[in-house]
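Architecture at a glance
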Amino acid sequence: GAGVSQSPRYKVAKRGQDVALRCDPISGHVSLFWYQQALGQGPEFLTYFQNEAQLDKSGLPSDRFFAERPEGSVSTLKIQRTQQEDSAVYLCASRRGLSYEQYFGPGTRLTVT
Amino acid sequence: GENVEQHPSTLSVQEGDSAVIKCTYSDSASNYFPWYKQELGKRPQLIIDIRSNVGEKKDQRIAVTLNKTAKHFSLHITETQPEDSAVYFCAASGSGGSNYKLTFGKGTLLTVNP
């Protein structure tokens, strides 16, 4: 079946612009995660949804970062007033029910100039 | 919170040799330990995982071992092939209310030379 998809795959933003990154999880997966992967590093947790409820946003680096999943399927990560340090790959992952395995999307590479 | 250390950061082997990557974790409550393979510009792919009630798991050429007492776990790849070349990440996930998010190591760049 179809895996996790993300769009856009690449985004270039000028410093100060707002961006919105989309994640389509695997159909039926109730859990959805966002991670940030800096160049040469492992992914770092940003936020977690179970259905439409955002249960943990402890990893969001600042109040410029906002995530939503209003209908419990597609999720959007929004970054306001982008800064150069926001440049990274943003990965989305989904998980079925209470199982452990997380499946990742291809990521969105954000470059802030 | 959880902290995962991974080494080595780079590993170069000859085709057919074995490769071993080691990770340690800090939270004794962690109970799930996956390994991901990430090729350049691609998504992380789950290749094997182990839960804390098991000491070893094997899938063809790949195996993972877990030592809960010492809080470390390892990935073993036998008979390496050039297509095994990639960055490998270990991760740990806690129990109770925080058993959903993964904490990753910094990755190991494995190069298999033909």
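Predicted model only: the values in this text are computed from it and were never measured. (Residues numbered from 1 in each chain as written. Chains lettered and ligands numbered in written order. Predicted model: local features only at pLDDT ≥ 70, side-chain atom pairs only at ≥ 80, totals over all residues. Heavy atoms only, no water.)

What follows is about the overall build of chain B. When its secondary structure is counted, chain B shows 0 helices and 11 strands. At 14 Å, chain B has a C-alpha radius of gyration in line with the 13 Å of a compact globule built from 114 residues. With the C-alpha coordinates of chain B rotated into their principal frame, the extents come out at 45 × 30 × 20 Å. Here the analysis covers contacts within chain B between residues at least 6 apart in sequence; of these, 54% occur between residues at least 24 apart. (Helix = DSSP H or I, 4+ residues; strand = E, 2+ residues; numbered from the N terminus. Rg over C-alpha atoms; globule rule 2.2 N^0.38 Å. Contact = heavy atoms within 4.5 Å.)

A few words on the pairing of strand β9 (residues 88-95) of chain A. Residues and elements named next belong to chain A. In terms of burial, β9 is a largely internal element, 8 of the 8 residues being buried. Of the two faces of β9, both are covered, the one formed by Ala88, Tyr90, Cys92 and Ser94 as well as the one formed by Val89, Leu91, Ala93 and Arg95. Where strand β4 (residues 31-37) meets β9, 7 bridges bridge the pair, whose relative direction is antiparallel. Its bridge partner being in β9, Trp34 is matched across the sheet by Cys92. Pairing geometry for β9 and strand β11 (residues 108-112), over 3 bridges, is antiparallel. Following the sheet pairing, Ala88 is matched in β11 by Leu110. Pairing of β9 with strand β10 (residues 103-104), which is carried by 2 bridges, proceeds in the antiparallel orientation. Residue pairing for β10: Ala93 is matched across the bridge by Phe104. (Buried < 20%, exposed > 50% of the residue type's maximum accessible area, 1.4 Å probe, protein only. Pairing = 2+ DSSP bridges.)

This part is about the interface of chain B and chain A. At the junction of the two partners, chain B supplies 18 residues and chain A supplies 22 residues. Summing both sides of the interface, chain B and chain A together bury roughly 1800 Å²; the carbon and sulfur share of this comes to 52%. In terms of surface lost to chain A, no three residues of chain B exceed Arg43, Tyr100 and Phe104 of chain B, which account for 34% of the buried area on that side. Joining chain B to chain A, the criterion identifies 2 salt bridges. (Buried area = accessible area lost by both parts, 1.4 Å probe. Salt bridge = Lys/Arg side-chain N within 4 Å of Asp/Glu carboxyl O.)

All names here are of chain B. Pairing is antiparallel across the open sheet formed by 5 strands, whose spatial order is β1-β3-β8-β7-β6. Each having just a single partner strand, β1 (4-7) and β6 (56-59) make up the two edges of the open sheet. Taken pair by pair, the neighbouring strands of this sheet meet at an average axis angle of 15°, ignoring direction. Pairing of β6 with strand β7 (residues 62-67), which is carried by 4 bridges, proceeds in the antiparallel orientation. Bridge pairing in β7 links Asp59 to Ile62. (Axes fitted to C-alpha atoms, helices over the stretch in contact; angles between N-to-C directions.)

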